[in-house]
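# Coordinate analysis (summary)
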Amino acid sequence: VRDTSNCFDKIVCQNKWSVDPGVEWHVNLATFPYESDVFFKKLERGYLNLPQDFKWDIVLIDGLHLADQVYRDFMNSMNHLSDEGFILFHDTNPPTIHHAREDYEDESTPASYWWMGTCWKAIQKIRQTHRCSVFTMNDDWGVTAVRKKDALSMLNPDFNPFFEYNEFSRHRETVLNLGGDEDFLNWMK
């Protein structure tokens with residue numbers, strides 16, 4: 001939401017809100033100008049102009065890009081997701097280990113300023129620990145959709161226990177349930 005004309009303004013729906021602490025832009029245009037952890041605490045304590053048990057149909061997680069925060073955002077979002085809802089994640093399919101680095105500011109790698117962070121680790125953990133359905137579009141650095149129902153399969157909890165990038169990369173199609181447009185449409189059915 002740092003520049004709402006890029007994405008947020010293009011979303012057409014009855015109700016939409018944004019959560020962002022606003023550290024990347026000169027003005028914070030977010031509906032709720034908080035870090036996501038603070039937002040969910042305020043929501044659950046009744047400090048926002050939303051019901052404490054509010055349920056969203058779609059949540060987009062595209063923030064800090066570090067696995068721990070992405071996973072916390074997932075857990076918080078699952079508590080507020082409608083039964084038919086989806087959680088979407090951006091930047092889940094980093095093409096190289098350089099794109100998957102933890103340090104956003106390190107532009108000394110061959111990836112230069114392109115950065116996906118460690119979002120893929122959160123997707124692996126979700127697939128190993130939650131009975132939900134996951135599909136990743138092989139587009140725009142990876143866009144992963146998660147829904148509560150219809151888990152096709154879970155990843156073996158013993159797979160890649162130390163979240164090593166090269167092991168992930170060798171098995172990315174399986175870890176992310178990666179596919180194209182037709183695969184996504186079939187997954188949606």
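Everything here concerns the structure above.
Only a predicted model underlies this, so the values are computations on that prediction, with no experimental measurement involved. (Residues numbered from 1 in each chain as written. Predicted model: local features only at pLDDT ≥ 70, side-chain atom pairs only at ≥ 80, totals over all residues. Heavy atoms only, no water.)

On the surface, W25, V27 and L29 cluster together into a nonpolar patch covering about 260 Å² of accessible area. Relative to the helices and strands, V27 is located in the segment before α1 (36-44). Using a relative accessible area of 38% as the deciding quantity, one classes V27 as partly exposed. (Patch = residues over 30% accessible without salt bridge, like charges linked within 9 Å, V, L, I, M, F, W, Y side chains within 5 Å. Areas by Shrake-Rupley, 256 points an atom, 1.4 Å probe, with all protein chains shown as cover. Salt bridge = Lys/Arg side-chain N within 4 Å of Asp/Glu carboxyl O. Helix = DSSP H or I, 4+ residues; strand = E, 2+ residues; numbered from the N terminus. Buried < 20%, exposed > 50% of the residue type's maximum accessible area, 1.4 Å probe, protein only.)

Tracing the backbone shows R147 in strand β4 (residues 143-147). Owing to a relative accessible area of 7%, R147 belongs among the buried residues under this scheme. Discounting chain neighbours no more than four positions away, the residues touching R147 are G85, F86, C132, S133, W187 and M188. (Contact = heavy atoms within 4.5 Å.)

Another point: the pattern of salt bridges. Under the criterion given, the structure shown has four salt bridges. A salt bridge links D83 to K148; the shortest N-O distance between them is 4.0 Å. One end of the pair, D83, is in strand β2 (residues 81-90); the other, K148, is in the loop between β4 and α4 (165-170), with 65 residues separating them in the sequence.

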